[in-house]
Amino acid sequence: MNELAPLLLSALVLGLLGGGHCLGMCGGLMGALTMAIPPEQRSRRLRLLIMYNLGRVSSYAVAGFLIGLAGWAVANSPAAMALRVMAALLLISMGLYLAGLWSGLTRVEALGRGLWRHIQPVASRLMPVTSLPRALVLGALWGWLPCGLVYSTLLWSASQGDALDSALLMLAFGIGTWPVLLATGVAAERLTALLRKRGVRVVGGIMVILFGIWTMPGPHQQWLMGHGSATSQGGHAH
């Protein structure tokens, strides 16, 4: 669990800072969910939003588990080192994307367009959303919307070589997107404005980039591990 903790934190940061991007992808649908409900029924609005986002995040976790099975197969093969390198490079790429320094991740959205063509008509039939189960199913379907950030996070989670870990990482990523997508009105505008500030995005992006460099296989990891062991032994000596 100690090794998984920093990965989960990275996934949360990716989700939180990517929330503005998610709002751009799902903003119209979120508006449709809330605008259909009278202002005096705020509690119902919130319940619909929660159920929709619960369905969306659940679909991320399911996708993480499924692609994590493929990652597990590769991790138990001679290609395991290549998988670790890919994980580190993806983290660095996502950090660059979040910092606004590179937008190449959007190209991976083409991977899911074929699947989305089959899912979108089914999702459209659920509109307008009139019940909580309907909102849950719509969210579960909308979670498969082609998104470069989601797909890159999926590939990164798969590179961990464990289906359950991949599912947990995607769950953490999804939870990270909740603050922006659950907020409505003025709160959403302020939170989105904060997350879009260059300084906030650069700091968050640099954090992810540094973690990507740290996870890259190489002599620096041996030095860090050795340094940690030496410190631990020194502590025991006293």
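What counts as what
- Here the residue numbering is sequential within each chain, running from 1 through the sequence in written order.
- Note on the predicted model: pLDDT of at least 70 is required for a residue's local features to be given, and 80 or more for side-chain atom pairs to be given and counted; whole-chain, interface and lining totals, by contrast, use all residues.
- Hydrogens are left out, water is left out, and the side-chain values use all remaining heavy atoms of the structure.
- In DSSP terms, a helix is any run of H or I states spanning at least four residues, a strand is any run of E spanning at least two, and both are numbered starting from the N terminus.
- Two residues form a contact once any of their heavy atoms are found within 4.5 Å.
- Throughout, nonpolar core names a set of buried Ala, Val, Leu, Ile, Met, Phe, Trp, Tyr and Cys residues whose side chains join them through atoms within 4.5 Å.
- With a 1.4 Å probe rolled over the protein chains alone, any residue whose accessible area is under 20% of its type maximum counts as buried; one over 50% counts as exposed, and the rest are partly exposed.
- Within the patch definition used here, like charges are joined within 9 Å and nonpolar side chains (Val, Leu, Ile, Met, Phe, Trp, Tyr) within 5 Å, considering only residues with over 30% relative accessible area and no salt bridge.
- The protein chains shown are the only cover counted for residues, whose accessible areas, like all others here, come from Shrake-Rupley with a 1.4 Å probe.
- For this analysis, a salt bridge means a side-chain nitrogen from Lys or Arg found within 4 Å of a carboxyl oxygen belonging to Asp or Glu.

Bringing the side chain of S159 into the picture now. With respect to the secondary-structure elements, S159 resides in the loop between α7 (148-158) and α8 (163-176). Leaving out residues up to four positions away in the same chain, S159 has contacts with L83, M86 and A87.

In this structure, L14, L91, M94, V150, W156, L169 and F173 are the most contacted members of the largest nonpolar core, which totals 30 residues. Breaking this core down by element, the ones donating at least two residues are α1 (4-17), α3 (42-75), α4 (80-98), α7, α8 and α11 (198-215). The greatest single-element share of this core, amounting to seven residues, is contributed by α1. If near-sequence neighbours (up to four positions away) are discounted, F173 is found in contact with A11, L14, G15, Y60, L149, V150 and T153.

Let us look at the environment of D165. Tracing the sequence through the fold places D165 in helix α8. You can call D165 partly exposed: its relative accessible area is 24%.

Turning to a nonpolar patch on the surface, a few remarks are in order. Judged by side-chain polarity, L9, L12, L164, L168, L171 and I175 come together as a nonpolar surface patch covering roughly 500 Å² of accessible area. Every element with two or more residues in the nonpolar patch is listed here: α1 and α8. Counting residues per element, the nonpolar patch draws most heavily on α8, at four residues. With respect to the secondary-structure elements, L171 resides in helix α8.

Assignment of secondary structure puts V200 in helix α11. Through-space distance from the C-alpha of V200 to that of L17 is 8.4 Å; in sequence the pair is 183 residues apart. Once residues lying within four places of it in the same chain are set aside, the contact partners of V200 are L17, L194 and L195.

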